[in-house]
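Spelled out from the first residue to the last, the chains are:
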Amino acid sequence: MRKGGTFFTLLFLCNGLFLLGIAIWAHLEWEVFVSFEVAFVSVFFVVLSSYLRYQKGILRRVKNANFAPPLICVKKMQKNQKIINFKEANDDLSLSKMRNFALFFSGLKIASYGFLVAGFLFLHHQNLLSILGYLSGISAFLFAVLSLAFYLRYES
């Protein structure tokens, strides 16, 4: 099965299992269901926007990279040998850190966080907010992502 298909299958299963657990434990009501789904979809958009932005940054760096094979030198390591790394004194405002800042805060990512907050506020103002449902929706998505990480790690 493709990795994208596996991810969406895990999302679907976690969504259903968490809703079933809430239905058994707390009698699934409309407010809980709506809060659960709004949180689940909002967190999905946050993770999707982060993924797309990092993918774009990585592909741009790979495009500009030179993949010449490095020179390999074999040297015996002596006992009690220490490796010391030196840093520049004025490294705190380097250009690479500004690029990382811009990489983290993209327009799509800010819009997805806005969607998350707007969904929460909409539910609150319509008196549909259930904290149990909202936190369960976020937890279900995070559980699906962790399940995918374990699946990919131990896949043969």
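The shown structure was predicted, so the numbers you read here are calculated from the model rather than taken from an experiment.

A.B. asks: What should I look at first to understand the overall build of the chain in this one?
C.D. replies: Along the chain, the regular secondary structure elements total 5 helices and 0 strands. Here the chain holds 156 residues, and the buried ones make up 26% of them. The contacts in the chain between residues at least 6 apart in sequence include a share of 82% that link residues at least 24 apart.

A.B. asks: Looking at this structure, how should I read the packing of aromatic side chains?
C.D. replies: The relative placement of two aromatic rings is captured by the distance of their centres and the angle of their planes. Evaluation of the coordinates by the stated rule reveals 11 aromatic pairs. Taking the centre distance of 6.2 Å and the plane angle of 90° together, the rings of Phe-7 and Phe-141 count as edge-to-face. Pair noted here: Phe-7 is in helix H1 (residues 3-26) and Phe-141 is in helix H5 (residues 131-153), with a separation of 134 residues, a long-range link. Phe-141 carries the same exposure label as Phe-7, and that label is buried. Three or more aromatic residues joined by ring pairs form one cluster here, namely Phe-7, Phe-8, Phe-36, Phe-40, Phe-44, Phe-45, Phe-115 and Phe-141.

A.B. asks: Sorry if this is basic, but what is going on with the nonpolar core here?
C.D. replies: One recurring pattern in soluble globular proteins is that nonpolar side chains are buried together. In this structure, Phe-7, Leu-11, Phe-36, Phe-40, Leu-123, Tyr-134 and Phe-141 are the most contacted members of the largest nonpolar core, which totals 20 residues. Looking at this core, the elements that each hand over two or more residues are H1, helix H2 (30-64), helix H4 (107-125) and H5.

A.B. asks: How do you make sense of the packing of H2 against H4 when you look at a structure like this?
C.D. replies: Axes are the key here: two packed helices are described by the angle between their axes and the distance separating the axes. Interhelical geometry of H2 versus H4 gives an angle of 170° and a closest axis separation of 8 Å. On the basis of their axis angle, the class for H2 and H4 is roughly antiparallel. Residues Val-34, Ser-35, Val-38, Val-41, Ser-42, Val-43, Phe-45, Val-46, Ser-49, Ser-50, Leu-52 and Tyr-54 of H2 form the contact with H4, whose participating residues are Leu-108, Lys-109, Ser-112, Tyr-113, Phe-115, Leu-116, Gly-119 and Leu-123. A class-by-class count of the residues in the contact of H2 with H4 yields 13 nonpolar, 6 polar and 1 charged.

A.B. asks: Explain the environment of Gly-114 here, please?
C.D. replies: Among the secondary structure elements, Gly-114 is positioned in helix H4. Put simply, Gly-114 and Ser-42 are 72 residues apart on the chain and 9.2 Å apart in space, counted from C-alpha to C-alpha.

Cut-off values and rules
- Residues numbered from 1 in each chain as written.
- Predicted model: local features only at pLDDT ≥ 70, side-chain atom pairs only at ≥ 80, totals over all residues.
- Heavy atoms only, no water.
- Helix = DSSP H or I, 4+ residues; strand = E, 2+ residues; numbered from the N terminus.
- Buried < 20%, exposed > 50% of the residue type's maximum accessible area, 1.4 Å probe, protein only.
- Contact = heavy atoms within 4.5 Å.
- Phe/Tyr/Trp six-rings, centres within 6.5 Å; stacked < 30°, edge-to-face > 60°.
- Core = buried A, V, L, I, M, F, W, Y, C linked by side-chain atoms within 4.5 Å.
- Axes fitted to C-alpha atoms, helices over the stretch in contact; angles between N-to-C directions.
- Parallel < 35°, antiparallel > 145°, perpendicular 65-115°, else oblique.
- Nonpolar A, V, L, I, M, F, W, Y, C, P; charged D, E, K, R; others polar.

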